[in-house]
Amino acid sequence: MRTLILLGLIGLAAQLVDGSLGMAYGVTSSTLLLTAGLAPASVSATVHLAEIGTTLASGASHWRFGNIDWRVVGFMAVPGGIAAFLGANVLTASGEAAEPVMSVLLLLLGIYVVWRFLRLPDRRPSFSGKVPGFLLVPLAMVAGFMDAIGGGGWGPVGTPTLLASGRIRPRKVVGSIDASEFVVSLGASAGFLLALGHTGINLPFVLALLIGGIIAAPVAAWLVRLMAPRILAVGAGGLIIFTNARTLLSIDAVDAVLPAAASAIILLAIAALWAAALTWVIRKELAEKRAEASLPEERVEA
């Protein structure tokens, strides 16, 4: 019973972060289940079954608060679902081999996202234009496949890539990724059910994660609407950098060369820089809001 309560709380916290920053539900939940001793395929299957409910609740909440770009969802949902179905059927050691490469790419994307939104000291970012459909479809296929074989990857791959384009408001990036993830979860779950059957899935774990995620979904969708674009982007970018740096530092080849204390210091340094960047951005936003309040005729949309 304690395990189920803990899983419910983890599901709540993971969905709160995922619904606010567009990633982390699958990664957080998968990490906990792997620690509990479940096989990788069973972990990914359990998480994706729970995500059918959490992503539906999250998508509905984001729709209610106007956080969704339906054009993005239209291009990404179905290709992502098909790729997730295929990924669920080929979950093997190759998934682990691809992890370092993906982590490096995501780390670089995270750095770019943070840099892009920090280098606008005197004005708020504007978002114009559209991400071409011929880029959204392959992005969805890569993200969906990685999501299935890694237990989480739709948000970590999709969110930073769309943020880095600079063409979609961060809250709409988060809302669109969360809404389209419902189809991705359906595709992955169908693949796992065909490959594993019901015996490879822990249904009580699924239910616990589901309940926690559903409770958090509307709160997260409300929070992302209130957050300024630069704060949201730097928060998401910092999370991408930290999680992928931790993944790279945990690789056996790196772990054998780098002492555990050194890895901990590196992660603490990243966390400190992330906190400093967030503090700077928040202060900048507050200063700009105070300036706008003194000039009501020149107010701009947050």
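No experiment lies behind these values; they were computed from the predicted model shown. (Residues numbered from 1 in each chain as written. Predicted model: local features only at pLDDT ≥ 70, side-chain atom pairs only at ≥ 80, totals over all residues. Heavy atoms only, no water.)

Q: Summarise the overall build of the chain; cite the residues concerned and give the values.
A: Within the chain, the secondary structure is distributed over 12 helices and 0 strands. Taken from N to C terminus, the helices and strands of the chain fall in the order α-α-α-α-α-α-α-α-α-α-α-α. The buried share of the chain, taken over its 302 residues, is 48%. A separation of at least 24 residues holds for 84% of the contacts in the chain among residues at least 6 apart in sequence. Summing over all exposed atoms, the chain offers an accessible surface of approximately 14,000 Å²; the carbon and sulfur share of this is 71%. (Helix = DSSP H or I, 4+ residues; strand = E, 2+ residues; numbered from the N terminus. Buried < 20%, exposed > 50% of the residue type's maximum accessible area, 1.4 Å probe, protein only. Contact = heavy atoms within 4.5 Å. Areas by Shrake-Rupley, 256 points an atom, 1.4 Å probe, with all protein chains shown as cover.)

Q: Go over the packing of helix α4 (residues 70-89) against helix α8 (residues 170-196), please, and point to the residues and values.
A: In contact at an axis separation of 7 Å, α4 and α8 are set at 25 degrees when each is read in the N-to-C sense. Taken as axis vectors, α4 and α8 run roughly parallel relative to one another. Viewed along their axes, α4 and α8 form a crossing whose handedness is right-handed. In the contact of α4 with α8, the residues fall into 17 nonpolar, 7 polar and no charged. (Axes fitted to C-alpha atoms, helices over the stretch in contact; angles between N-to-C directions. Parallel < 35°, antiparallel > 145°, perpendicular 65-115°, else oblique. Left-handed = near helix turned anticlockwise from the far one by under 90°. Nonpolar A, V, L, I, M, F, W, Y, C, P; charged D, E, K, R; others polar.)

Q: Can you tell me about the side chain of Ser 185, naming the residues and giving the values?
A: Within the secondary structure, Ser 185 is located in helix α8. Ignoring anything within four residues of it in the chain, the contact list for Ser 185 reads His 48, Glu 51, Ile 52 and Thr 55.

Q: Which residues make up the packing of helix α7 (residues 154-165) against α8, and what values go with them?
A: One way to put it is that α7 packs onto α8 with a least axis distance of 10 Å and a crossing angle of 145 degrees. Here α7 and α8 pass one another in a crossing that is right-handed. Across the interface between the two elements, Trp 154, Gly 155, Gly 158, Thr 159, Leu 162 and Leu 163 from α7 touch Pro 170, Val 173, Ile 177, Ser 180, Glu 181 and Val 184 from α8. Per-class residue counts for the contact of α7 with α8 are 7 nonpolar, 4 polar and 1 charged.

Q: Any details on the environment of Ala 57? Residues and values, ideally.
A: In this structure, Ala 57 sits in helix α3 (residues 40-64). When neighbours within four sequence positions are excluded, Ala 57 is seen to be in contact with Ile 214 and Ala 217.

Q: Any details on a nonpolar patch on the surface? Residues and values, ideally.
A: Where nonpolar side chains cluster on the molecular surface, the patch consists of Val 78, Ile 82, Phe 85, Leu 86, Val 90, Phe 145 and Leu 194 and spans about 620 Å² of accessible area. It is α4 that provides the largest number of residues to the nonpolar patch, a total of 4 residues. With respect to the element layout, Phe 85 can be found in helix α4. (Patch = residues over 30% accessible without salt bridge, like charges linked within 9 Å, V, L, I, M, F, W, Y side chains within 5 Å. Salt bridge = Lys/Arg side-chain N within 4 Å of Asp/Glu carboxyl O.)

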